[in-house]
Amino acid sequence: MASRTRTTLSVLLIPLLLSLLTASARAGSIAVYWGQNGGEGTLADTCATGNYQYVMLAFLTTFGNGQTPVLNLAGHCDPPSGTCTGLTSDIQSCQSRGIKVILSLGGATGSYQLTSTLDAQSVADYLWNNYLGGSSSSRPLGSAVLDGIDFDIEGGSSDYYGDLANFLSQYSSQGNKVYLTAAPQCPFPDTYVGPALQTGLFDYVWIQFYNNGQCQYSSGDATNLVNSWNTWTSSIKATNIFLGIPASSSIPGYIPQNDLTSQVLPAIQGSSLYGGIMIWDRYADVQNNYSGQVLGSV
């Protein structure tokens, strides 16, 4: 009788364990861009929501080609006057919660270009000394040490970004790991960061599945998105790949929360590279509580 009981329990427990293992394998994180709208709240408040595991500070809009780098955080602070050093405590507050805070390079508008391997090395040195683990008398964000660098390159050329990634990755040997992330557009390969991604040095890649009609979700149809996702996950090497989506319905490629959880995520979460979702941006997320509504399904 005892033997039969144990057998019955085993039969009942196996599906439960498999379900738990599957859920664990599919558990993802949420990344968000912060910094381009003064109405999105503070960085500390953003992290205190508990919704995000990665926050990209957007953007370093000017760098390379001998230019003086420029940090643009919209209405949050003014780097030339030194007020962005007030973000030190916010950054450290986020990191104390286990959240990675990453500086994003580029954006849709700006003045950036790498003109040579030497130029790439110069930019890497600047980022190390002013935002990462190095030292400088003019650190725009104060003494806080960011966790990595994000490549959101949407203009110029693709030249030498692989070199920049290589130089930045070498700094990991000097202490804390320097995380490298990227936000390519969903048409494969990406025009600007495609070659850099082939280095295999990037930890997290949050692909922008929006503002790109040929590979985004549209009118209830996720076919193009899923096909593009499968191309990306079978073509590049990264620790994790994230589904980048807008939190505002005014942006092409928006996926209603119910459609995301019932149609899109089940179609991509089986990938071994699935890492979660990236949301553009914190301001839209504040307005629509997108992350809060999908958090349990990511």
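Residues numbered from 1 in each chain as written. Predicted model: local features only at pLDDT ≥ 70, side-chain atom pairs only at ≥ 80, totals over all residues. Heavy atoms only, no water.

Asks: Looking at this structure, I do not really get the state of the cysteines. What am I missing?
Replies: Two cysteines joined by a covalent bond between their sulfur atoms form a disulfide. If you walk through the whole model with that rule in mind, you get three disulfides. A sulfur-sulfur distance of 2.0 Å marks the disulfide that ties Cys77 to Cys84. Taking the torsion about the sulfur-sulfur bond, which here is approximately 90 degrees, the covalent link between Cys77 and Cys84 counts as right-handed. Across the pair, Cys84 and Cys77 agree in class, each one buried. Covalently, Cys186 is tied to Cys215 through a disulfide, its sulfur atoms 2.0 Å apart. Its S-S torsion of about 80 degrees marks the bond between Cys186 and Cys215 as right-handed, since a negative value means left-handed. Of this pair, Cys186 sits in the loop between strand E7 (179-182) and helix H6 (194-197) while Cys215 sits in the loop between strand E8 (204-208) and helix H7 (223-233), placing them 29 residues apart in sequence. Just as Cys186 is buried, Cys215 falls in that class too. The cystine pairing of the chain, numbering bonded cysteines in sequence order, is 1-4, 2-3, 5-6. (Disulfide = S-S within 2.5 Å. Buried < 20%, exposed > 50% of the residue type's maximum accessible area, 1.4 Å probe, protein only. Helix = DSSP H or I, 4+ residues; strand = E, 2+ residues; numbered from the N terminus.)

Asks: Hey, could you run me through the pattern of salt bridges in this one?
Replies: It is possible for side chains bearing opposite charge to pair when their charged atoms get close. Applying the stated rule across the entire model yields one salt bridge. With its nearest N and O atoms 3.1 Å apart, the salt bridge here joins Lys177 to Asp203. Residue Lys177 is found in the loop between helix H5 (161-170) and E7, and its partner Asp203 is found in the loop between H6 and E8; the two are separated by 26 residues along the sequence. Using a relative accessible area of 40% as the deciding quantity, one classes Lys177 as partly exposed. Owing to a relative accessible area of 7%, Asp203 belongs among the buried residues under this scheme. (Salt bridge = Lys/Arg side-chain N within 4 Å of Asp/Glu carboxyl O.)

Asks: Please explain the pairing of strand E10 (residues 274-280) as it appears in this structure.
Replies: In summary, the side chains of a regular strand alternate between the two faces of the sheet. Most of E10 sits out of view: six of its seven residues are buried. Bridging between strand E1 (residues 29-34) and E10 involves four bridges; their strand directions are parallel. Within the sheet, the bridge partner assigned to Ala31 lies in E10 and is Met278. Of the pairings in the sheet, the one linking strand E9 (residues 240-246) to E10 comprises six bridges and is parallel in character. (Pairing = 2+ DSSP bridges.)

Asks: Could you clarify how one ought to interpret the packing of aromatic side chains in this entry?
Replies: One pair of aromatic rings is described through two measures. These are the centre distance and the angle between the planes. Throughout the structure, instances matching the rule amount to 19 aromatic pairs. Pairing Tyr33 with Phe59 gives two aromatic rings, centres 6.1 Å apart and planes at 40 degrees, and the pair type is tilted. Of this pair, Tyr33 sits in strand E1 while Phe59 sits in strand E2 (residues 54-63), placing them 26 residues apart in sequence. Phe59 carries the same exposure label as Tyr33, and that label is buried. Ring centres of Trp128 and Tyr171 lie 4.4 Å apart, and the angle between their planes is 0 degrees; on these two criteria the pair is classed as stacked. Of this pair, Trp128 sits in helix H4 (residues 117-130) while Tyr171 is found in the loop between H5 and E7, placing the two residues 43 residues apart along the sequence. There is no split in this pair, since Trp128 and Tyr171 are both buried. (Phe/Tyr/Trp six-rings, centres within 6.5 Å; stacked < 30°, edge-to-face > 60°.)

Asks: Just checking my understanding: could you explain the nonpolar core for this structure?
Replies: Soluble globular proteins tend to pack their nonpolar side chains together in the buried interior. Counting residues in each nonpolar core, the largest one holds 80 residues, and the members touching the most others are Phe151 and Leu243. Filtering out sequence-adjacent residues up to four positions away, Leu243 remains in contact with Ile207, Phe209, Leu225, Trp229, Leu260, Val264, Leu265, Ile268, Gly276, Ile277 and Met278. Counting residues in hydrophobic clusters, the runner-up holds 15 residues, among them Ala31, Tyr33, Met56 and Phe242. (Core = buried A, V, L, I, M, F, W, Y, C linked by side-chain atoms within 4.5 Å. Contact = heavy atoms within 4.5 Å.)

Asks: What am I meant to see in unusual backbone geometry here?
Replies: Residues other than glycine predominantly adopt negative phi, and peptide bonds predominantly adopt the trans conformation. Cis rather than trans, the peptide bond between Phe188 and Pro189 has omega equal to -5 degrees. You will see that Tyr160, though not glycine, has its phi angle at about 75 degrees, which is positive. Positionally, Tyr160 belongs in the loop between strand E6 (148-153) and H5. Classification of Tyr160 by relative accessible area gives partly exposed; the value is 32%.

Asks: It is not clear to me how the UniProt feature "domain: GH18" (unreviewed entry) in the chain should be interpreted in this structure. Could you clarify?
Replies: The UniProt entry lists residues 28-298 under the feature "domain: GH18" (unreviewed entry), expressed in the numbering used here. This span, residues 28-298, is 29% helix and 21% strand, and a straight line between its end C-alpha atoms measures 5 Å. (UniProt positions renumbered as here; feature names shortened; annotations may be inferred.)

Asks: What exactly am I supposed to notice about the pairing of E8 here?
Replies: Here E8 lies mainly inside the structure; five of its five residues are buried. Side chains Tyr204, Trp206 and Gln208 project from E8 onto one buried face, and the interleaved Val205 and Ile207 project onto a second face that is buried too. In terms of strand pairing, E7 meets E8 through two bridges, oriented parallel. Within E8, the residue paired with Ala182 across the bridge is Val205. At this point the chain moves from E8, through H7, to the parallel E9, and the crossover so formed is right-handed. (Right-handed = clockwise from strand over helix to strand, strands pointing away.)

Asks: Before we go on, may I ask you to explain the packing of H4 against H5 in this structure?
Replies: The description of two packed helices rests on the angle between their axes and on the distance between the axes. Packing of H4 against H5 leaves a shortest axis separation of 8 Å and a crossing angle of 40 degrees. In terms of their interaxial angle, H4 and H5 are classed as oblique. Note on packing geometry: the crossing formed by H4 with H5 is right-handed. Taking contact as the criterion, the partners of Thr117, Ala120, Gln121, Val123, Ala124 and Leu127 in H4 are, on H5, Asp163, Leu164, Phe167 and Leu168. (Axes fitted to C-alpha atoms, helices over the stretch in contact; angles between N-to-C directions. Parallel < 35°, antiparallel > 145°, perpendicular 65-115°, else oblique. Left-handed = near helix turned anticlockwise from the far one by under 90°.)

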